[in-house]
Each structure stands twice: as C-alpha cells, then as structure tokens.
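# Coordinates in review
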Amino acid sequence: MHNNSGNLLLAMNTDNFDYTREGDRVRAGDTAEMDIWEELDAFLVDQPEFSEMVNMGQAVLPELNNHMYSSSLDQEIQHFQTIEEKVKANKEESIEEEDAVVDHEDDGEAEMSQADTFANYKPSKSDVGLKHPDLVVETSSLASVEPPDVDYTLAFPPSVIADGKLSALQLEVVIYACQQHSRFLASDERAGFLIGDGVGVGKGRSAAGIIYENYLRGRKKALWFSVSSDLKYDAERDLRDIGAPDISVCLLSKVKYGNLNGESSGILDGVVFSTYSSLIRESRGNNESRINELVQWCGGEFFEGPIILDECHKAKNLSTKTSAKVIELQKRLPKARIVYCSATGASELKNMAYMTRLGLWGKSTPFQNFQDFLNTVEKWGVRGMELVPMEMKLRDMYLARQLS
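Quick look at the structure, then. Keep in mind that what you see is a predicted model, and the values were worked out from it rather than measured.

Ordered in space as E4-E5-E13, the 3 strands form an open sheet in which the pairing is antiparallel. In this open sheet, the two strands that pair with only one neighbour each are strand E4 (118–120) and strand E13 (402–403). Pairing analysis gives 2 bridges linking strand E5 (residues 136–139) to E13, with the strands arranged antiparallel. Note that in E13 the partner of Val136 across the bridge is Leu403.

Shown next as structure tokens:
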C-alpha cells in the first residue's frame, strides 16, 4: 500500500502547487510545468468515491515531512484503488452484519448502527505486546486505510512487553509516535503525533510509555501539560505501573519562581507537570515567567525530549493568551517531541489550531495557515472531516481507537 502520502488533503487544495514531470515521475516546485489532469480524470471519472475530486479538477501528490516526494502516476492510481477497495469491503461487511441481525428486533437498530460506523481493531503492522484486555474498535473510515510500516525498535526492558505493562495497542502508539518524532517538517521543527484514543484504551499510559522510551534513550527531561494539577498523580501512577517508578514527577505550581533552575534547589531530570493555566503566569516581583523557566530548564532550542499536551480536547475553551503560549512553547523548542492527547482532536478541527507540529498547514503543504486549512476542509463538509483523520493515519501521525 502506498503510505508516503499527503494525497487526500492535497486533493482538496492544489492552488499553491505547480506540477512537473521528471522521467515518469510527477513532483512539485520546478519550472517546467505539465498538465496531468487528463490522465487522472481518465481513471477517476468512473470512480464514484472520488467524483468530487474530478469535478473540482483536483490532482493528487504524495507529501511527507519536510520534503515533497515524487511518485509515479501508476502508484497514485493504485493508492486510490486500494482505498476504494477497502471502503467497499467495509460497506459489504456492514451489509452482511445488518442482514445477520435483522431478526433481532429489540436490539437490531443498535447493532446495525454499530456495523455501519465501527470496525473491530487490532494492530495491522505492529506485532509487539499482549492483547488489550478489552474489545477495541475504530471508525470504518479509519479502518479503510492502514498505517505505515514499522521501522522503529523499542528500548523497553523485555518485562514491559512480556508482563503486559503496556498492551499491544499502547505499544503501537509508542512505536508510531517515536517513529514520527524521527522526522522533521519543512519548518525545521520536529514532527508531532496525536493520540486520539477514547476512554479505557489508555492515552495516559501510552504517554507515560513515550516518556519512558525517551528516558531510556538518554532524553531524561520531559514536560507534561494537562487541565488539572490532580492529574499529576495519574501521571505518577502510569509511570509506576509501566515499570518506571524512578522517573520523578514535579508539579510546577509547587516550585517557587527561580527555583526550577536553581543550583541547589533545581530539578535535574524527570517530568515537570503543569496545568495550561500555569503556562501564562508571571511573577510580579521579579518579572519572571513560567514559560521562560520551562524553556531554560529544557535547555533551549536544542531540547529533544518529549512534551505531552494532555487532555487538549478539554482545553478547547482556553484563552487566546494560553493558546498563544502553547504555540510559543513549540516554536521555542523546535526539536522537542510533541505529543497531543485528545479524544476529539481530529473530529473538531477548530480546536486543532495549536497542533502546529502535525504539518497539516504551513510551509510545503497545500494550506498557507490554519484558517486556510479549516476553511477548505469545512467546504468539503462531511467528506472533508473524514479525509483529515484518514490522511493523518496514513502519514504516521495519528491513531484513534475506542472501547466497543
């Protein structure tokens, strides 16, 4: 399957791109232009799943990280065929399941709704870890595409995997997040990852696993933001439960201004846990700010450790100032390994403005900025809302599962 792809999003908005041919490959950004619409239309004209793309005169082109990769037209056609086949297969499966429950009048409607919307989930490319204790599903649209191949090897002690301290689903998140963190966007910032799992799948434990994996690789400092100071104890519990009790968790609000980096009282390593509201606070006495303290503690622009932006779906009503600080922190720590945790992040696009490390808008993308991205997707309606998470999964930046 063709996974090095920015196809679905680029198909929505290609106005900012020129296309050229080099041998039998098509790529963006050169001087000799070539019109490829006719060849694509010849294939797409009879494809009902993508009729809107034909009507809008759009094309497809793969994009990954900070480079515009080239791909043959045959590969792109094969890519669309694969997606179409999977979508049709899922629909046929749903019809069969509906027929099977038609006689159960009491709960038939609920079962048919479930068949229409969700598909049972298990890792398709990762074979590490024990089965998750509960039945997990994902939306049918996400099930119609596969994530990229796995090329990352975990540094965890064998007991973490063998004893099931992290389930196969949680280990899959750690693997793909770390794999994504090895790449950089066109802005020279490290690519980020969005954990979209629902309650019961274990977003917190997966986030703890990412911190532990980085700790074992020598990146011993991490930041963890959430909406409540009380969640600091959940973070400690998750680290303890996965076999990393030695990673300390310090609550930022309990540290006096100036002490985070103090010679005698400073925090040497571990996790600094903070609420989003703490990020905007400043000391009235000496004009110090929390964000400056955190950037200094991390080591400035060369910091490569993880930053967990937890429960960000509950932070959708953050003040403009707080959102600006979250974006500023990511800008000032361009090499940090950003992890967004939100059960509704990709389904409520208006709340994704500070998820700048996903690389969905900005340099070398079809969209100049977040507003351009949002406006374009909203014009596509439901189809656009489905394409965004599908594209994110294809590009190794998103997983979203929930309990059945």
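Looking at chain direction, E4 and E5 are connected through 3 bridges and run antiparallel. Directly across from Ala119, in E5, lies its bridge partner Glu138.

A separate point is the pairing of strand E11 (residues 337–341). Within E11, 5 of the 5 residues are buried, leaving the element largely enclosed by the surrounding structure. Strand direction decides the pairing type here: strand E6 (residues 193–195) and E11, joined by 3 bridges, are parallel. In the strand pairing of E11, Ile195 is matched with Cys341. Pairing analysis gives 4 bridges linking strand E10 (residues 306–309) to E11, with the strands arranged parallel. Across the sheet, the residue bridging to Ile307 is Ile338, located in E11.

With that out of the way, let us pick up the sheet that holds E10. Sheet strands pair by backbone hydrogen bonding; their relative direction is either parallel or antiparallel. Within the open sheet, the 7 strands sit side by side as E8-E9-E7-E10-E11-E6-E12. Their pairing is parallel. What marks the edges here is a single partner per strand, and that holds for strand E8 (249–251) and strand E12 (398–399). Pairing of strand E7 (residues 221–226) with strand E9 (residues 270–275) involves 6 bridges; the strand directions are parallel. When the bridges of E9 are listed, Phe225 appears paired with Ser274.

Before going further, it helps to examine the pattern of salt bridges. Note that side chains of opposite charge can pair when their charged atoms are close. Enumeration over the complete set of coordinates arrives at 18 salt bridges. Two residues, Arg401 and Glu172, come together in a salt bridge whose shortest N-O distance is 2.8 Å. On the criterion of sequence distance, the pair formed by Arg401 in the loop between E12 and E13 and Glu172 in helix H8 (residues 168–180) is long-range, its members being 229 residues apart. For Glu172, a relative accessible area of 0% corresponds to the buried category.

Counting residues in each nonpolar core, the largest one holds 44 residues, and the members touching the most others are Leu223, Phe225, Ile307, Leu358 and Met392. If you list the elements that add at least two residues to this core, you get E7, helix H11 (290–298), E10, helix H12 (320–332), E11 and helix H13 (370–394). Top element by residues in this core is H13. It accounts for 6 residues. Excluding residues within four positions of it along the chain, Ile307 makes contact with Leu223, Phe225, Leu329, Leu333, Ala336, Arg337, Ile338 and Val339. Residues Cys178, Ile242, Ala244 and Val249 belong to the second largest nonpolar core, which totals 39 residues.

Cut-offs and rules
Residues numbered from 1 in each chain as written. Predicted model: local features only at pLDDT ≥ 70, side-chain atom pairs only at ≥ 80, totals over all residues. Heavy atoms only, no water. Pairing = 2+ DSSP bridges. Helix = DSSP H or I, 4+ residues; strand = E, 2+ residues; numbered from the N terminus. Buried < 20%, exposed > 50% of the residue type's maximum accessible area, 1.4 Å probe, protein only. Salt bridge = Lys/Arg side-chain N within 4 Å of Asp/Glu carboxyl O. Core = buried A, V, L, I, M, F, W, Y, C linked by side-chain atoms within 4.5 Å. Contact = heavy atoms within 4.5 Å.

Remember, this is a structural readout, not a statement about activity or role.
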